[in-house]
Amino acid sequence: MPTVLWRERMEEGDDMFSEEAIVASEKALQKYVSSLKTLKTPTEKAILKKVKEVVIEFNKLNEEFDYFIETLEREELCEFIEEKAQEAGLEPDEDITEEWREW
């Protein structure tokens, strides 16, 4: 989970993060992973719906917590989101977050 890395960077003095932003991010990612696991029929459409939901949630979190998602965090988040979508059965050939992502 990318939040482990974010917490480490925060503890090393990176003031871009707050504990609240990390906790909210962890909750959003855990909800995303759980929602993928509970799909009865993990079709491409169903998986992408869950991807859209988590991306939109991070759009809100990023704004709420003073735009803490920069290039490195975006790459880490996208990698995690895509990895979990693949585990659920999606075979992406491009960035699956780009359509909805504002960060």
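Please refer to the structure higher up on the page.
The sections below set out a description of the structure shown in this document. It should be emphasised that the depicted structure is a prediction, and the values quoted were computed from it without experimental measurement. (Residues numbered from 1 in each chain as written. Predicted model: local features only at pLDDT ≥ 70, side-chain atom pairs only at ≥ 80, totals over all residues. Heavy atoms only, no water.)

Concerning helix H1 (residues 2–11)
So, point 1. The complete set of buried residues in H1 reads Pro2, Thr3, Trp6 and Arg9. Each buried residue of H1 lies within a common arc of 115 degrees when the element is viewed along its axis, so the set occupies one face.
So, point 2. Where H1 is buried, its residues touch helix H2 (19–37), helix H3 (44–64) and helix H4 (71–88).
So, point 3. One or two positions beyond H1, positive phi appears at Gly13, with a value near 110 degrees. (Buried < 20%, exposed > 50% of the residue type's maximum accessible area, 1.4 Å probe, protein only. Helix = DSSP H or I, 4+ residues; strand = E, 2+ residues; numbered from the N terminus. Arc of directions from axis to C-beta. Contact = heavy atoms within 4.5 Å.)

Section: the nonpolar core
So, point 1. Counting 31 residues, the largest nonpolar core has Tyr32, Ile47, Val51, Phe58, Phe68, Ile81 and Trp103 as its most contacted members.
So, point 2. Listed by contribution, the elements that provide at least two residues to this core are H2, H3 and H4.
So, point 3. Examining the composition of this core, we find that eight residues originate from one element, H2, more than from any other.
So, point 4. Here Val51 is in contact with Tyr32, Ile81, Ala85, Ile96, Thr97 and Trp100, once residues within four sequence places are set aside. (Core = buried A, V, L, I, M, F, W, Y, C linked by side-chain atoms within 4.5 Å.)

A few points about the packing of H2 against H4
So, point 1. Interhelical geometry of H2 versus H4 gives an angle of 15 degrees and a closest axis separation of 10 Å. For the element pair H2 / H4, the angle class is roughly parallel. As for how H2 packs across H4, the hand of that crossing is right-handed. Facing H2, whose interface residues are Leu29, Tyr32, Val33 and Leu36, H4 presents Leu77, Phe80, Ile81, Lys84, Ala85 and Ala88.
So, point 2. When grouped by side-chain class, the residues that make up the contact of H2 with H4 number nine nonpolar, no polar and one charged. (Axes fitted to C-alpha atoms, helices over the stretch in contact; angles between N-to-C directions. Parallel < 35°, antiparallel > 145°, perpendicular 65-115°, else oblique. Left-handed = near helix turned anticlockwise from the far one by under 90°. Nonpolar A, V, L, I, M, F, W, Y, C, P; charged D, E, K, R; others polar.)

Description of the packing of aromatic side chains
So, point 1. As enumerated under the stated definition, the model contains four aromatic pairs in all.
So, point 2. Seen in terms of ring centroids, Phe58 and Trp103 are 6.3 Å apart; in terms of plane orientation they differ by 65 degrees. Their pairing is edge-to-face. Placement of Phe58 in helix H3 and of Trp103 in the segment after H4 is noted, with a sequence separation of 45 residues between them.
So, point 3. Since its relative accessible area comes to 0%, Phe58 is described here as buried.
So, point 4. Among the aromatic residues, those joined into a cluster by ring pairs are Trp6, Phe17, Phe65 and Phe68. (Phe/Tyr/Trp six-rings, centres within 6.5 Å; stacked < 30°, edge-to-face > 60°.)

Details of the pattern of salt bridges
So, point 1. For the coordinates displayed, the defined rule picks out nine salt bridges.
So, point 2. A salt bridge links Arg9 to Glu76, with the shortest nitrogen-to-oxygen separation between them at 2.9 Å. With Arg9 in helix H1 and Glu76 in helix H4, this residue pair connects regions lying 67 residues apart in the sequence. Taken individually, Arg9 and Glu76 each receive the classification buried, so the pair is uniform in this respect.
So, point 3. Across the pair Lys84 and Glu83 runs a salt bridge whose closest N-O atoms are separated by 3.9 Å.
So, point 4. Lys84 gets classed as buried once you look at its relative accessible area, which sits at 18%. (Salt bridge = Lys/Arg side-chain N within 4 Å of Asp/Glu carboxyl O.)

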